[in-house]
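The residues making up each chain are set out below.
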Amino acid sequence: MTANGSASVKQIPNSVSPVALCHVVLRTTPEGYERLVNFYVTLLGAKITHKSHRLAFLSYDYEHHRLAVVADPNSHRRGPEGPQVGLHHVAFGFEKLSDLATAYEQRKAVGIQPVWCVNHGMSTSMYYEDPDGNEIEFQVDNYDTVQEAVDFMASKDFEENPVGVDFNADDFVKRVRSGEDEKSIKARPNIGKRDRR
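First, a word on scope: everything that follows refers to the structure included in this document. What you see is a predicted model; the values in this text were computed from it and never measured. (Residues numbered from 1 in each chain as written. Predicted model: local features only at pLDDT ≥ 70, side-chain atom pairs only at ≥ 80, totals over all residues. Heavy atoms only, no water.)

**Considering the side chain of Arg-188**
Positionally, Arg-188 belongs in the segment after helix H6 (182-186). Despite its burial, Arg-188 remains without a salt bridge, the nearest opposite charge being carried by Asp-157 at 5.7 Å. Looking at Arg-188, its side chain comes within polar contact range of the main-chain oxygen of His-120, at 3.1 Å. In contact with Arg-188, other than residues within four places in its own chain, are Asn-119, His-120, Gly-121, Phe-152, Asp-157, Phe-158, Asn-161, Gly-164 and Val-165. (Helix = DSSP H or I, 4+ residues; strand = E, 2+ residues; numbered from the N terminus. Buried < 20%, exposed > 50% of the residue type's maximum accessible area, 1.4 Å probe, protein only. Lys, Arg positive; Asp, Glu negative; His and termini not counted. Salt bridge = Lys/Arg side-chain N within 4 Å of Asp/Glu carboxyl O. Polar contact = N/O pair within 3.5 Å; in protein donor to acceptor, adjacent residues only side chain to side chain. Contact = heavy atoms within 4.5 Å.)

**What about the packing of helix H2 (residues 97-109) against helix H5 (residues 169-177)?**
It is at 10 Å that the axes of H2 and H5 come closest, and there the two elements cross at 135°. Classified by the angle between their axes, H2 and H5 sit oblique to one another. Considering how the two elements wind past one another, H2 and H5 form a crossing that is left-handed. Across from Leu-97, Ser-98, Leu-100, Ala-101, Thr-102, Tyr-104, Glu-105 and Lys-108 in H2, the residues of H5 making contact are Ala-169, Asp-170, Phe-172, Val-173, Val-176 and Arg-177. Across the contact of H2 with H5, the residue classes tally to eight nonpolar, two polar and four charged. (Axes fitted to C-alpha atoms, helices over the stretch in contact; angles between N-to-C directions. Parallel < 35°, antiparallel > 145°, perpendicular 65-115°, else oblique. Left-handed = near helix turned anticlockwise from the far one by under 90°. Nonpolar A, V, L, I, M, F, W, Y, C, P; charged D, E, K, R; others polar.)

**Focus: the sheet that holds strand E4 (residues 67-71)**
Backbone-to-backbone hydrogen bonds pair the strands of a sheet. The strands run either parallel or antiparallel. Taken in spatial order, the four strands line up as E1-E4-E3-E2 in an open sheet, and their pairing is mixed. A single partner strand is all that each edge strand has here, and the edge strands are strand E1 (24-28) and strand E2 (47-51). With strand direction ignored, the average angle separating the axes of adjacent strands in the sheet is 20°. In terms of strand pairing, E2 meets strand E3 (residues 55-59) through four bridges, oriented antiparallel. Within E3, the position partnered with His-50 by the bridge is Phe-57. (Pairing = 2+ DSSP bridges.)

**Concerning the sheet that holds strand E6 (residues 116-119)**
An order of E5-E8-E7-E6-E9 is seen for the five strands of this open sheet, with the pairing classed as mixed. Bordering the open sheet on either side are strand E5 (89-94) and strand E9 (165-166), each of which pairs with just one other strand. Summarising the sheet, E6 and strand E7 (residues 123-129) pair through four bridges and their orientation is antiparallel. When the sheet's bridge partners are listed, Val-118 is paired in E7 with Ser-125.

Printed below as a string of C-alpha cells:
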C-alpha cells in the first residue's frame, strides 16, 4: 500500500497528460432521448449544436459540444436494485456562490430540484439527477487555490469525513443573498465521522 491507502500504481515517466476534459457522452433509450436532451438544455442553459434522430451535441461555452446524448436501441433503463457500476457523476463549476444560488433558483422555477446539497469542504455542491438517473454536480470551489484544496483533502477533518456536511438549498440562498461573507458560507462545519451520503 502507498501512503494514501491505494494499491501501488504504475507511473509513466514524463507522462503527457490531457489539457482538458472535453465532453461527456450519455447513452439512453430511443424512448428517453428527447426527454434527456431537453433536460440538459434546461439544466445547463445549453444550445443544441447538432441534432439528429439519435445523436445530439450540446454546448454552453466555447466548445462545439460539452455533452452528447446518444439514443441507442440496444440500451436499457437501469434496474431498481440500487447503484450500479459505471460513471458516478459529472461536475460543472461556477465562479461564485451567488452564481450557484442563481442557478439553483432558475432551475427550481422550472421544476428541477437538487437531490443533494453538500459542503464537501473543498467545494460547495448541489447534485441533480437527470431522467435516466445520472447525477450532475453544480459546484463552487471553496478555496482560492488548488493547493489549499489539496491541503484540506490531506487533513484529519477530511480523513474523518470525506463526504461533507449537508445543507438546505433555500437556507443557502438566503445566506448568499443576505450579504454574508463567502468565506463564512464556504467554511465546512465539523460534524465528526461520515463516510457515506
